[in-house]
Amino acid sequence: QVQLVESGGGLVQPGGSLRLSCAASGSIFRVNAMGWYRQAPGKQRELVASITADGSTNYADSAKARFTISRDNAKNTVHLQMNSLKPEDTAVYYCNARLSTYQAMFIMRDYWGQGTQVTVSS
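Here the residue numbering is sequential within each chain, running from 1 through the sequence in written order. Whole-chain, interface and lining totals are the exception, using all residues; otherwise, since this is a predicted model, local features are given only for residues with pLDDT of at least 70 and side-chain atom pairs are given and counted only at 80 or more. The basis for the side-chain values is all heavy atoms of the structure; hydrogens and waters are excluded.

### A word on the environment of Ala23
Turning to step 1, where the next piece is worked out: Turning to its location among the elements, Ala23 is positioned in strand 3 (residues 18-26).
Turning to step 2, where the next piece is worked out: Note: C-alpha distance between Ala23 and Asn96 (73 residues apart in sequence) is 10 Å.
Turning to step 3, where the next piece is worked out: We call two residues in contact when some of their heavy atoms are within 4.5 Å. Here Ala23 is in contact with Gln3, Leu4, Val5, Asn76 and Thr77, once residues within four sequence places are set aside. Every helix listed is a DSSP run of H or I at least four residues long, and every strand listed is a run of E at least two residues long, numbered separately from the N terminus.

Structure below.
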């Protein structure tokens, strides 16, 4: 009953920018945190950035200086502004949300989006 819908991926040249967005919908009671993970071919999925309900952020070292995560709590959305993109950023980016539902208000679970492709290439 929970869906995470991602948008904003695409093809950009090195040095370019993209803004990813993710909206969580469904029987959501409370969102503890939302974030973005990515997985490149042949590599493990890794955390890019996350933001908690109280506003605390966490970034991968490779992203900290270039990416900014933000949220709109009223809409259960999270955004990832990605600047100065590098070919190494090429990956499928997945939205993650840790939340509870009305059916289980005090049990937090992780939900995932379908992934959006980000390709950085000249």
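We are not done yet, so read on.
### Overview of the packing of aromatic side chains
Turning to step 1, where the next piece is worked out: Any pair of Phe, Tyr and Trp rings, taking the six-membered ring for Trp, is counted once the centres come within 6.5 Å. Such a pair is stacked with planes under 30 degrees apart, edge-to-face with planes over 60 apart, and tilted for the rest. Scanning the entire structure with this criterion turns up three aromatic pairs.
Turning to step 2, where the next piece is worked out: Taking the centre distance of 5.6 Å and the plane angle of 75 degrees together, the rings of Phe29 and Tyr102 count as edge-to-face. Here Phe29 is found in strand 4 (residues 28-39), whereas its partner Tyr102 is found in the loop between strand 9 (91-101) and strand 10 (104-112), with 73 residues between them in sequence.
Turning to step 3, where the next piece is worked out: Residue exposure (1.4 Å probe, protein chains only): buried if accessible area is under 20% of the type maximum, exposed if over 50%, otherwise partly exposed. Its relative accessible area of 36% is what places Phe29 among the partly exposed residues.
Turning to step 4, where the next piece is worked out: You can call Tyr102 exposed: its relative accessible area is 53%.
Turning to step 5, where the next piece is worked out: Through a chain of ring-to-ring contacts, three or more aromatic side chains come together here, namely Phe29, Tyr102 and Phe106.

### As for the state of the cysteines
Chemically, a disulfide is nothing more than a covalent bond linking the sulfur atoms of two cysteines.
Turning to step 1, where the next piece is worked out: By definition, disulfides here are pairs of cysteine sulfur atoms that lie within 2.5 Å. Tallied over the entire structure, the rule returns one disulfide.
Turning to step 2, where the next piece is worked out: Across a sulfur-sulfur distance of 2.0 Å, Cys22 and Cys95 are joined as a disulfide pair. Looking down the S-S bond of the Cys22 and Cys95 bridge, the torsion is -85 degrees, so its handedness is left-handed. Taken together, the positions of Cys22 in strand 3 and Cys95 in strand 9 put the pair 73 residues apart, joining distant regions of the chain.
Turning to step 3, where the next piece is worked out: Take Cys95: its relative accessible area is 0%, and that puts it in the buried class.

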